[in-house]
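Residues per chain are reported as follows:
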Amino acid sequence: MSHIGVARALVSVYDKTGLVPFAERLVAAGVELVSSGGTAATLAAAGLPVTSVDSVTAAPEMLGGRVKTLHPAIHGAILADRSNPAHVADLDARGIEPFELVVVNLYPFRETVADPDSGPADIIEKIDIGGPTMVRAAAKNHAFVGIVTSPDQYGETVDRIEQGSFDAAFRASLAREAFFHTASYDAAIVGWFGRHDALPERIVLPLRKKADLRYGENPHQLAATYAEDGAQPWWASADQLQGKPMSFNNYIDAEAAWRHVHAFDRAACVIVKHTNACGVARADELAEAFEAAWACDPRSAFGSVIAVNRALDERTAEALLAAGFVEVIIAPAVDPGAQQLLASKGNLRVLVAVPPSGEGLDAKRLEAGFAVQAGDEIEGPAGWSVVSERAPTEAERRELAFAWTVAAHTKSNAIVISNDGQAVGIGAGDQSRVGASNRAIVQAADRAAGGVVASDAFFPFRDGIDALAGAGVTAIVQPGGSVRDAEVIAAADQHGIAMVFTGRRHFKH
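Conventions adopted
- Along every chain, residues carry numbers that run from 1 in the direction the sequence is written.
- pLDDT decides what is reported in this predicted model: residues at 70 or higher carry local features, side-chain atom pairs at 80 or more are listed and counted, and totals for whole chains, interfaces and linings draw on all residues regardless.
- The side-chain numbers reported here are obtained from all heavy atoms of the structure, hydrogens and water having been left aside.
- Only DSSP runs of H or I reaching four residues or more are called helices, and only runs of E reaching two or more are called strands; each is numbered from the N terminus.
- For a compact globule the rule gives 2.2 Å times the number of residues to the power 0.38, and the radius of gyration it is set against comes from C-alpha atoms.
- The buried label goes to any residue with under 20% of its type's maximum accessible area, the exposed label to any with over 50%, and the partly exposed label to all in between, with areas taken from a 1.4 Å probe on protein chains only.
- The contact definition used throughout considers only heavy atoms, calling two residues in contact when any of these lie within 4.5 Å.
- Residues form patches when they are more than 30% accessible in relative terms and have no salt bridge. Like charges link within 9 Å. Nonpolar side chains (Val, Leu, Ile, Met, Phe, Trp, Tyr) link within 5 Å.
- Working definition of accessibility: Shrake-Rupley area with a 1.4 Å probe, residue cover restricted to the visible protein chains.
- Should a side-chain nitrogen of Lys or Arg be within 4 Å of a carboxyl oxygen of Asp or Glu, the pair is scored as a salt bridge.
- Only Phe, Tyr and Trp rings take part, Trp by its six-membered ring, and two of them pair if their centres are within 6.5 Å. Stacked means planes under 30 degrees apart, edge-to-face means over 60, and tilted covers everything else.
- Whether a charge sits over a ring comes down to the Lys NZ or Arg CZ being within 6 Å of the ring centre and within 35 degrees of the ring normal.
- Only strands joined by at least two bridges in the DSSP assignment are considered to pair.
- Only the contacting stretch of a helix is used when fitting its axis, a line to C-alpha atoms as for every element, and angles between N-to-C directions run 0 to 180 degrees.
- For classification purposes, an angle smaller than 35 degrees is called roughly parallel, one larger than 145 roughly antiparallel, one from 65 to 115 roughly perpendicular, and anything else oblique.
- Crossings are classed by handedness, with left-handed meaning an anticlockwise turn of the near helix from the far one by less than a right angle and right-handed meaning a clockwise turn.
- The classification used treats Ala, Val, Leu, Ile, Met, Phe, Trp, Tyr, Cys and Pro as nonpolar, Asp, Glu, Lys and Arg as charged, and all other residues, Gly among them, as polar.
- Working definition: a disulfide is two cysteine sulfur atoms within 2.5 Å of each other.
- Put simply, buried Ala, Val, Leu, Ile, Met, Phe, Trp, Tyr and Cys residues joined by side-chain atoms within 4.5 Å make one nonpolar core.
- A helix is expected to span 1.5 Å multiplied by its residue count minus one.

Visitor: Mind showing me how you'd approach the overall build of the chain here?
Guide: Counting its secondary structure elements, the chain contains 20 helices and 21 strands. Rg of the C-alpha trace for the chain: 30 Å, well past the compact-globule value of 23 Å for 509 residues, more than 25% over. Here the C-alpha coordinates of the chain stretch approximately 95 × 50 × 45 Å along the principal axes. Here the chain holds 509 residues, and the buried ones make up 45% of them. Across the chain, the fraction of contacts at a sequence separation of at least 24, relative to all contacts at a separation of at least 6, is 58%.

Here is the structure:
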């Protein structure tokens, strides 16, 4: 059955947004409205003819409204297969008139959970029972019934009813959205029950597509972005002021850069290439931070994604345009003068975004599953232990804390050399720690002299210490915990290097 006429609609909504204009058009199209509770009261107050559910069921609401639509006169009218003579006979025998349209949205469970004033009893009361039952029933019988679950669907729905194009394909699309709607709703309830578990026994992830992308990491791969239903991640709510559409790789690098730059309190700039920083710096002024970050590795910064944690001003925009080709710049705000300057680079993607959330679990895709872990927390220097003969100076300690933060956001094996608030050498993703050290040393060149080093995990041998000492570094922070710690500490003492242990590593894969 393709096209159907709509003679009777069941309307029961918590969110009354747009309800009255929608209902007015339904009535004008000759649709009888059946409703319950507050929805019926709202329609009646608007002067619309409405039949109450309890007059259809001959059963008044009970249990404070928990039971009102759970009745054969309602669900038989929704679920009857009009092409099945036995179903039609059942309706006739009981005097039940079928519904062709069901309009339902559910109790605000997520919103109630998010309200700090809500207690468990309030939250339990917002677990909808009748609503999902009606939604699923109508969606199952979409061959004969349309199911509307959001005010966003009102316009097209009533347009089609008026035009006689309330067809099977449209009803199937409504049904698909309805089943996702109830699945997402149940996922939120499952999440609430597991709220006290660091790693819940069950995780349900309802993901809604946000945008198709041109392609994935490579041109032959399909790609799209998805967000958890009901969530507003920074990237989905970001305002793109200009530039080409974001690509798959842009999003991955932007996530790394945006999280990294928000690890710093002072004005900071993080330049990312292939998810690793190739430049990081902090300063009193944003332009100074950008220039120092770009100077870390200008060659790698070509075609990069850049994040800053202060409003992008004209001076920084001028420095950025003079530096070289950039794919994306992300900032919490962009000054009008800076925006005007950046407009000269039409392909440059400029995003304004809210800070990233620190909440949630970290998941990596496995075949038919995920490896899931709690988020990483980067500890400060308060709990560090000095293990060398020489303790770091206060200036070295501040620089070590900066380098340690950069290392924690860098793929393992990671070695970071920093000097005066600037990451001058970053060895990332190397298979050996001495290899990461050598890469950082080459990148830093003479800027390593007088600088400090952070290693995301322990040094298994003294070779890395010897190499860094040859570059002129004066202090090192690392987790410790190697069977050769004594040998490594002895190397630091031999070179006059101050060394501190954190007791916690920060591998990043």
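Read on for the rest.
Visitor: Just to check I follow, could you spell out unusual backbone geometry for this structure?
Guide: Generally, phi is negative for residues other than glycine and the peptide bonds are trans, each holding for most cases. Cis geometry is adopted by the peptide bond preceding Asn413, which originates at Ser412 and carries an omega value of -10°. Here Asn413 is to be found in the loop between helix 17 (394-408) and strand 17 (415-419). Despite not being glycine, Asp420 has its phi angle at roughly 60°, a positive value. In this structure, Asp420 sits in the loop between strand 17 and strand 18 (422-427).

Visitor: Is there a simple way to think about a nonpolar patch on the surface in this case?
Guide: A surface patch of nonpolar side chains, about 710 Å² in accessible area, is lined by Leu199, Ile203, Leu205, Leu207, Tyr226, Leu361, Phe370 and Val372. Here Tyr226 falls in the partly exposed class, since its relative accessible area comes to 43%.

Visitor: Even after reading the chapter, I still don't get the packing of aromatic side chains, so can you show me in this structure?
Guide: The geometry of an aromatic ring pair is captured by two quantities: the separation of the ring centres and the angle between the planes. One pass over the structure, following the stated rule, counts twelve aromatic pairs. Ring geometry for Phe166 against Phe170: centres 5.8 Å apart, planes inclined by 65°, an arrangement best described as edge-to-face. An identical accessibility class is assigned to Phe166 and Phe170; each is buried. Among the aromatic residues, ring-to-ring pairing joins Phe109, Tyr185, Trp192 and Phe193 into one connected group. Here Lys16 stacks its cationic end above the ring of Tyr14, 6.0 Å away from the centre of that ring. Here Arg365 stacks its cationic end above the ring of Phe370, 4.9 Å away from the centre of that ring.

Visitor: Help me out: how do you make sense of the pattern of salt bridges in this one?
Guide: It is possible for side chains of opposite charge to pair when their charged atoms get near one another. The full count for this structure, using the stated rule, is 15 salt bridges. A salt bridge links Glu32 to Arg8; the shortest N-O distance between them is 3.6 Å. With Glu32 in strand 2 (residues 32-35) and Arg8 in strand 1 (residues 8-13), this pair connects stretches of sequence that are 24 residues apart. Judged by relative accessible area, Arg8 falls into the buried class, the value being 6%. For Arg160, the salt bridge is made with Glu156, and the minimal N-O distance between the two is 3.1 Å. Here Arg160 and its partner Glu156 are both found in helix 9 (residues 154-163), four residues apart, which amounts to about one turn of the helix. Ionic contacts of the salt-bridge type, sharing partners, join the residues Arg25, Asp159 and Glu162 into one network.

Visitor: It is not clear to me how the sheet that holds strand 4 (residues 101-105) should be interpreted in this structure. Could you clarify?
Guide: Paired through backbone hydrogen bonds, the strands of a sheet run either parallel or antiparallel to each other. Sheet architecture is open: five strands sit in the order 3-2-1-4-5, paired in parallel fashion. Edge positions in the open sheet fall to strand 3 (51-52) and strand 5 (146-148), since each of these has one partner strand only. Note: strand 1 against strand 2, four bridges, orientation parallel. Within strand 2, the residue paired with Leu10 across the bridge is Val34. The strands touched by helix 9 are strand 1, strand 4 and strand 5; relative to strand 4, the strand with the most contacts, the crossing angle is about 170°.

Visitor: Help me understand the packing of helix 8 (residues 130-140) against helix 10 (residues 168-193) in this model?
Guide: For any two helices packed against each other, one specifies the inter-axial angle together with the distance between the axes. Direction vectors running N to C along helix 8 and helix 10 enclose 150°, while the axes themselves pass 9 Å from each other. Classified by the angle between their axes, helix 8 and helix 10 sit roughly antiparallel to one another. Regarding helix 8 and helix 10, the two cross each other, and that crossing is left-handed. Only Ala175, Ala178, Phe179 and Thr182 of helix 10 make contact with helix 8, whose side of the interface consists of Pro132, Val135, Arg136, Ala139 and Lys140. Split by residue class, the contact of helix 8 with helix 10 holds six nonpolar, one polar and two charged.

Visitor: When you look at the state of the cysteines in this model, what are you seeing that I'm missing?
Guide: The bond known as a disulfide is covalent and runs between the sulfur atoms of two cysteines. Under the counting rule described, the total for this entry stands at zero disulfides. Left unpaired, Cys269 is separated from the closest cysteine sulfur, that of Cys278, by 9.5 Å. When its relative accessible area of 0% is taken as the criterion, Cys269 is described as buried. Not part of a disulfide, Cys296 finds its nearest cysteine sulfur in Cys278, a span of 7.1 Å. A relative accessible area of 2% places Cys296 in the buried class.

Visitor: Which parts of the structure should I look at to understand the nonpolar core?
Guide: Side chains of nonpolar character tend, in soluble globular proteins, to be buried together. Grouped together as the largest cluster of nonpolar side chains are 50 residues, with contacts concentrated most on Leu10, Ile78, Leu101 and Ile147. Ranked by the residues each element gives to this core, the list is headed by helix 10, at eight residues. Core analysis: the next-biggest nonpolar cluster, separate from the first, contains 40 residues, Ala268, Leu400, Val452 and Ala454 among them.

Visitor: Honestly, helix 12 (residues 248-261) in this entry has me stumped. Any pointers?
Guide: One turn of the α-helix equals 3.6 residues, which is why residues spaced by three or four share an orientation. Along its 14 residues, helix 12 runs 20 Å from first to last C-alpha, staying within 8% of the 20 Å computed at 1.5 Å per residue. Those residues of helix 12 lying buried are Asn250, Tyr251, Asp253, Ala254, Ala257, Trp258, His260 and Val261.

Visitor: It is not clear to me how the packing of helix 19 (residues 463-471) against helix 20 (residues 485-495) should be interpreted in this structure. Could you clarify?
Guide: Here helix 19 crosses helix 20 at 20°, and the two axes come no closer than 9 Å. If you check the angle between helix 19 and helix 20, you find them roughly parallel. Handedness of the helix 19/helix 20 crossing: right-handed. Packed against helix 19, whose contacting residues are Ile465, Asp466 and Ala469, the element helix 20 presents Val488, Ala491, Ala492 and His495 at the interface. Per-class residue counts for the contact of helix 19 with helix 20 are five nonpolar, one polar and one charged.

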